[in-house]
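Working through the structure, step by step
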Amino acid sequence: MGDTCKESNRLVVCSSCEFAVHQKCYGVQEDVGATWSCAWCKKKSDCSGIDSSKTCVLCPKQGGALKPVHKSDESGESMEFAHLFCCHWMPEVYIEDLTKMEPIMNVGRIKETRRKLVCNICKLKCGACVRCSHGTCRTSFHPICAREAGFRMEVWGKYGCDNVELRAFCSKHSDVPESSRSSHAVSMNKSPKLKIDGRNGDNDAAHMGTPDNISDKSATL
């Protein structure tokens with residue numbers, strides 16, 4: 001059973017940028033050959049005028065598992081992309097088709113206050129940030145910067161429940177014992193069918209669909 005699961009969600013590598021993704025995690029539906037390209041590299045090859053120095057609209061990092069951002073008008077295909085990781089952790093943003101894992105929706109609805117936050121890690125005001133989930137801590141950071149810095153990032157859920165909570169902590173509070181934390185969840189809205197509860201601005205409850213195998217214990221990403 002385990003081998004079958006691994007085979008259906010095997011790692012595939014982009015022939016251009018050589019970035020590896022799990023087939024299901026990235027939404028790859030077709031058979032993958034030696035010339036397979038990720039969505040970002042395919043767009044670059046199809047559109048010569050695309051600015052390759054600007055990749056994710058939610059963070060300053062280049063490369064990685066990028067997916068197209070939905071355009072609000074009908075003028076053509078989207079030229080904007082975002083990391084799936086950034087999308088998962090951004091409260092206002094969700095993915096329309098969870099099988100294809102694209103397009104990324106609602107980027108234009110991200111709060112202006114979130115866009116004005118400066119990342120405590122990379123020191124840049126770029127894209128959008130989230131805040132530390134510990135009590136009243138206001139430290140802000142890009143989720144992908146927090147992951148690279150080794151900050152504590154948790155997914156909380158209960159077996160048989162469709163809702164999960166995502167919690168991310170700054171460097172100071174990543175080492176705080178779980179029993180001593182006064183934490184709130186990072187708000188998430190991963191599907192238009194799922195409800196989001198508004199609490200304390202940035203610090204809303206997180207709700208999104210989750211596989212049945214998530215236990216009631218936290219999991220560090």
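From a predicted model like this one, the values you see are computed outputs, not experimental measurements.

1. Thoughts on the side chain of His142
Structurally, His142 is set in the loop between strand S8 (140-141) and helix H6 (143-149). Overall, the relative accessible area of 0% leaves His142 in the buried class. Within the structure, the side chain of His142 is placed 2.5 Å from the backbone oxygen of Cys126, a separation counted as a polar contact.

2. As for the pattern of salt bridges
Across all of its chains, the model carries six salt bridges by this definition. Lys61 is paired through a salt bridge with Glu148; the nearest N and O atoms lie 3.2 Å apart. With a gap of 87 residues between them, Lys61 in the loop between helix H3 (39-46) and strand S3 (66-68) and Glu148 in helix H6 connect regions that are remote in the sequence. Overall, the relative accessible area of 25% leaves Lys61 in the partly exposed class. With a closest N to O distance of 2.4 Å, Glu154 and Arg152 form a salt bridge. The partly exposed category is assigned to Arg152, whose relative accessible area is 23%.

3. So, the nonpolar core
Counting residues in each nonpolar core, the largest one holds 49 residues, and the members touching the most others are Tyr26, Trp36 and Phe141. Counting only elements with at least two residues in this core, the list comes to H3, strand S4 (81-83), helix H4 (84-89), H6, strand S9 (153-157) and strand S10 (164-168). The biggest single contributor to this core is H4, with five residues. With residues near it in sequence (within four places) discarded, Tyr26 still touches Val21, Trp36, Cys38, Ala39, Trp40, Ala65, Leu66, Lys67, Leu84, Lys100 and Met101.

4. As for the packing of aromatic side chains
Under the counting rule described, the total for this entry stands at four aromatic pairs. Between Phe85 and Trp89, the ring centres sit 6.3 Å apart and the planes meet at 40°, which makes this aromatic pair tilted. With a gap of four residues between them, Phe85 and Trp89 both fall in helix H4, about one helical turn apart. Assessed through its relative accessible area of 1%, Trp89 is described here as buried. When the ring of Phe141 is compared with that of Phe151, the centres are 5.8 Å apart and the planes differ by 85°; the resulting orientation is edge-to-face.

5. Here's the deal with the confidence of the model for the chain
Across the chain, the average pLDDT comes to 80, with 70% of residues at or above 70. Between residues 191-201, whose pLDDT stays under 50, and residues either more than four places distant or in other chains, the model counts 21 contacts. Counting contacts from residues 203-221, a segment whose pLDDT is below 50, to residues more than four positions away or on other chains yields 73 contacts.

6. Here we look at the pairing of S9
Burial within S9 is extensive, with five of its five residues counted as buried. Side chains Met153, Val155 and Gly157 project from S9 onto one buried face, and the interleaved Glu154 and Trp156 project onto a second face that is buried too. Two strands pair when backbone bridges link them, and S9 and S10 are joined in this way by five bridges, in the antiparallel orientation. Note on S10: the bridge partner recorded for Gly157 is Val164. Counted along the chain from S9 to the antiparallel partner S10, the turn is six residues long, and its residue Gly160 has a positive phi close to 85°.

7. Some words on H3
Along H3, the residues that are buried comprise Ala39, Trp40, Cys41 and Lys43. Elements that come into contact with the buried residues of H3 comprise helix H2 (23-26), S3 and S4.

8. So, the pairing of strand S6 (residues 102-105)
Bridging between strand S5 (residues 94-97) and S6 involves three bridges; their strand directions are antiparallel. Across the sheet, the residue bridging to Tyr94 is Met105, located in S6. Between S5 and S6, which follow one another and run antiparallel, lie four residues, and Met101 among them has a positive phi close to 60°.

The rules behind the values
- Residues numbered from 1 in each chain as written.
- Predicted model: local features only at pLDDT ≥ 70, side-chain atom pairs only at ≥ 80, totals over all residues.
- Heavy atoms only, no water.
- Helix = DSSP H or I, 4+ residues; strand = E, 2+ residues; numbered from the N terminus.
- Buried < 20%, exposed > 50% of the residue type's maximum accessible area, 1.4 Å probe, protein only.
- Polar contact = N/O pair within 3.5 Å; in protein donor to acceptor, adjacent residues only side chain to side chain.
- Salt bridge = Lys/Arg side-chain N within 4 Å of Asp/Glu carboxyl O.
- Core = buried A, V, L, I, M, F, W, Y, C linked by side-chain atoms within 4.5 Å.
- Contact = heavy atoms within 4.5 Å.
- Phe/Tyr/Trp six-rings, centres within 6.5 Å; stacked < 30°, edge-to-face > 60°.
- pLDDT = per-residue confidence, 0-100.
- Pairing = 2+ DSSP bridges.

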